[in-house]
Amino acid sequence: PKCSRQDVPHSIISLLDGFKASKTLFTASKLKVFDVLNSSNGLTLEEVAGQINASVLGTERLLEAAVSLGLLKTVKQQNTNVYRNTEQANCFLVSNSPESLHGYILHCNDMVWPLFSHLENAVREGTSQHERAFGKKSEDVFQDAYYSKDEVKLRFMDAMHSIARVTGKDVATAFDLSPYKTACDIGGCTGAMAYEFTKAHPGLSVIVFDLPQVIEMRRYFQPKENDDRVSFVAGDFFTDDLPKADLYILARILHDWSDEKLHVLLSKLSKICTPGCGLLVSEIFLDEERKRPSRALLQALSMTEGKQRSTSEYNDLLEKHGFTPKHIKHTDNLLDAMLFVKEDPNDKRT
Ligand code: SAM
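Residues numbered from 1 in each chain as written. Predicted model: local features only at pLDDT ≥ 70, side-chain atom pairs only at ≥ 80, totals over all residues. Heavy atoms only, no water.

### Some points on the overall build of the protein chain
Item 1. Regarding its fold elements, the protein chain presents 15 helices and nine strands.
Item 2. The C-alpha atoms of the protein chain give 23 Å as radius of gyration, which agrees with the globular expectation for 350 residues (20 Å, within 12%).
Item 3. If you line up the protein chain on its principal axes, its C-alpha atoms span 75 × 60 × 40 Å.
Item 4. Counting the 350 residues in the protein chain, one finds 46% classified as buried.
Item 5. Partitioning the intrachain contacts of the protein chain with sequence separation of at least 6 by distance along the chain shows that 64% fall at a separation of at least 24.
Item 6. Accessible area of the protein chain: about 18,800 Å², with a carbon and sulfur share of 51%.
Item 7. In the protein chain, 42 side chains carry a positive charge and 48 a negative one; their mean positions are 3 Å apart. (Helix = DSSP H or I, 4+ residues; strand = E, 2+ residues; numbered from the N terminus. Rg over C-alpha atoms; globule rule 2.2 N^0.38 Å. Buried < 20%, exposed > 50% of the residue type's maximum accessible area, 1.4 Å probe, protein only. Contact = heavy atoms within 4.5 Å. Areas by Shrake-Rupley, 256 points an atom, 1.4 Å probe, with all protein chains shown as cover. Lys, Arg positive; Asp, Glu negative; His and termini not counted. Charge placed at Lys NZ, Arg CZ, Asp CG, Glu CD.)

Structure, rendered in structure tokens:
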């Protein structure tokens, strides 16, 4: 069809600029622009440049771009323009705010961006571009890539921590969990999600189960208030025994693995779960036509061995291991949730 000249392709143009906007956010975060502005009542361009140790010209372009994206604002103070954080920046971009996404933004900059700069090869070959981007092969993205150096590991853990703090409350409060007294958060990382569960459910205690390399770093992420209902156990969920619990939480675990690998984990869970045991899956759920949300489909382009699945695909996967879907919750946050219950094999209807 012929395109009319009035049809300005706005959506295509914003996609063209999307990468520049992402990198503006990443760079402002990495240079700590939002932190510097958070501790002041407004700073001039020269003051920001001095504090982030950057050129005045470069800082000016960065700050102006950030203002145009709604991340910063300018106000007049005694006839001079000063820069301030927007409310949203104070909430989500300042590195030590309770709901900060700073850790996740740095992960996107340092880990995901290099991978996506090789997207063309990733698509041609259908493989992760980890080796091209970082000069090292990675069979298991966690053990070989994220956890090979402490600095990279802490950055990854910080990224998981920040997403879990932003989504945790909505996931923890998605269902009535009063029948459960003990939970195990499989791949629970820093414990951020577990603390949200104990906060939301006074009768629940949660064991965080994750790889030893992660558990040994947990002190970096300890909350200010001690909560002895959260405890930590180190192990590999493919090869080690899992702790006993009456609710298992799988938050952002299943999308990382192929169906074959998941059958190993799910059969272990199926064996350890008695009838009535709960399994809470929290992921981005694709719609059945695999069209939305595009966040999930874009994430899949990093070509890890896992895949993004719809609710019916998760149902099929779990039903094979004796878990029946009971409730689903679309949270309007970054993650949705489904609650499955282990059925009694003797109750199976024919
Ligand atoms: N559940 C957390 C959340 O929602 O914030 C973290 C999700 S992160 C994508 C996946 C987690 O699984 C990481 O903490 C990782 O260390 C853990 N993990 C990966 N492979 C594992 C294994 N074989 N055994 C135990 N934990 C593992």
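### A short note on the pattern of salt bridges
Item 1. In the structure shown here, the tally under the stated rule is 15 salt bridges.
Item 2. With a shortest N-O distance of 3.2 Å, K153 and E216 are connected by a salt bridge. Linking K153 in helix α10 (residues 150-172) with E216 in the loop between α12 (212-215) and β5 (230-234), this pair joins segments that are 63 residues apart in sequence.
Item 3. Residue classification places K153 among the buried residues on the basis of a relative accessible area of 1%.
Item 4. You can call E216 partly exposed: its relative accessible area is 49%.
Item 5. Note that K199 is salt-bridged to E196, the shortest N-O span being 3.6 Å. In this pair, K199 and E196 are both assigned in helix α11 (residues 192-200), three residues apart and thus about one turn of the helix distant.
Item 6. Judged by relative accessible area, K199 falls into the exposed class, the value being 63%.
Item 7. Counted as one network, the salt bridges with shared partners bring together K30, D110 and R155. (Salt bridge = Lys/Arg side-chain N within 4 Å of Asp/Glu carboxyl O.)

### Observations concerning the state of the cysteines
Item 1. Summed over all chains, the structure comprises zero disulfides.
Item 2. Here C184 stays unpaired: no disulfide links it, and the sulfur of C273, its closest cysteine neighbor, is 9.8 Å away.
Item 3. As a non-bridged cysteine, C277 has C273 as the owner of its nearest cysteine sulfur, 3.5 Å distant. (Disulfide = S-S within 2.5 Å.)

### Brief notes about the environment of A337
Item 1. Locating A337 in the fold gives a position in strand β9 (residues 336-342).
Item 2. Given the relative accessible area of 0%, A337 is considered buried.
Item 3. Spatially, the C-alpha atom of A337 lies 26 Å from that of L93, the residues being 244 residues apart in sequence.
Item 4. Setting aside anything within four residues of it in sequence, one finds A337 in contact with A174, F175, L280, V281, S282, F285, H327, I328 and K329.

### Some points on the side chain of D227
Item 1. Within the fold, D227 resides in the loop between α12 and β5.
Item 2. In terms of polar contacts, D227 uses its side chain to reach the backbone amide nitrogen of R229, at 2.9 Å.
Item 3. When neighbours within four sequence positions are excluded, D227 is seen to be in contact with Y195 and T198. (Polar contact = N/O pair within 3.5 Å; in protein donor to acceptor, adjacent residues only side chain to side chain.)

### Focus: the nonpolar core
Item 1. Formed by 44 residues in total, the largest nonpolar core has its most connected members in F237, Y248, L250, L269 and L279.
Item 2. When near neighbours in sequence (up to four residues on either side) are disregarded, L269 contacts I186, L242, Y248, L250, L279 and F323.
Item 3. If you look at the next biggest cluster of nonpolar residues, it comprises 28 residues, including M193, A251, L286 and L339. (Core = buried A, V, L, I, M, F, W, Y, C linked by side-chain atoms within 4.5 Å.)

### Considerations on the packing of aromatic side chains
Each aromatic ring pair is specified by the distance between its two centres and by the angle formed by the two planes.
Item 1. Considering all chains together, one arrives at 11 aromatic pairs under this definition.
Item 2. An angle of 65° between the planes, with centres 5.7 Å apart, marks the rings of F285 and Y314 as edge-to-face. Of the two residues, F285 sits in the loop between β7 (278-283) and α14 (294-299) while Y314 sits in helix α15 (residues 311-319), which places them 29 residues apart along the sequence. Both residues of the pair, F285 and Y314, belong to the buried class.
Item 3. Three or more aromatic residues joined by ring pairs make a cluster, and in this case those are F142, Y146, Y147, F156, F237, F238 and W257.
Item 4. Between K23 and the ring centre of W113, over which it is positioned, the NZ or CZ distance is 4.7 Å. (Phe/Tyr/Trp six-rings, centres within 6.5 Å; stacked < 30°, edge-to-face > 60°. Lys NZ or Arg CZ within 6 Å of the ring centre and 35° of its normal.)

### Things to note about the domain arrangement of the protein chain
Quite often, the size of an interface is put as the accessible area lost when its parts meet.
Item 1. Splitting the protein chain by domain gives domain 1 (10-92) and domain 2 (102-347).
Item 2. A separation of 33 Å is found between the C-alpha centroids of domain 1 and domain 2.
Item 3. With eight residues of domain 1 at the contact, the number on the domain 2 side is seven residues.
Item 4. In this assembly, domain 1 packs against domain 2 so that about 830 Å² is buried in total across both faces, 68% of it on carbon and sulfur atoms.
Item 5. The three residues of domain 1 that bury the most area against domain 2 are K23, F26 and K30, which together make up 56% of that side's buried surface.
Item 6. Counting every contact that joins domain 1 to domain 2 gives one salt bridge. (Domains from an automatic or database assignment. Buried area = accessible area lost by both parts, 1.4 Å probe.)

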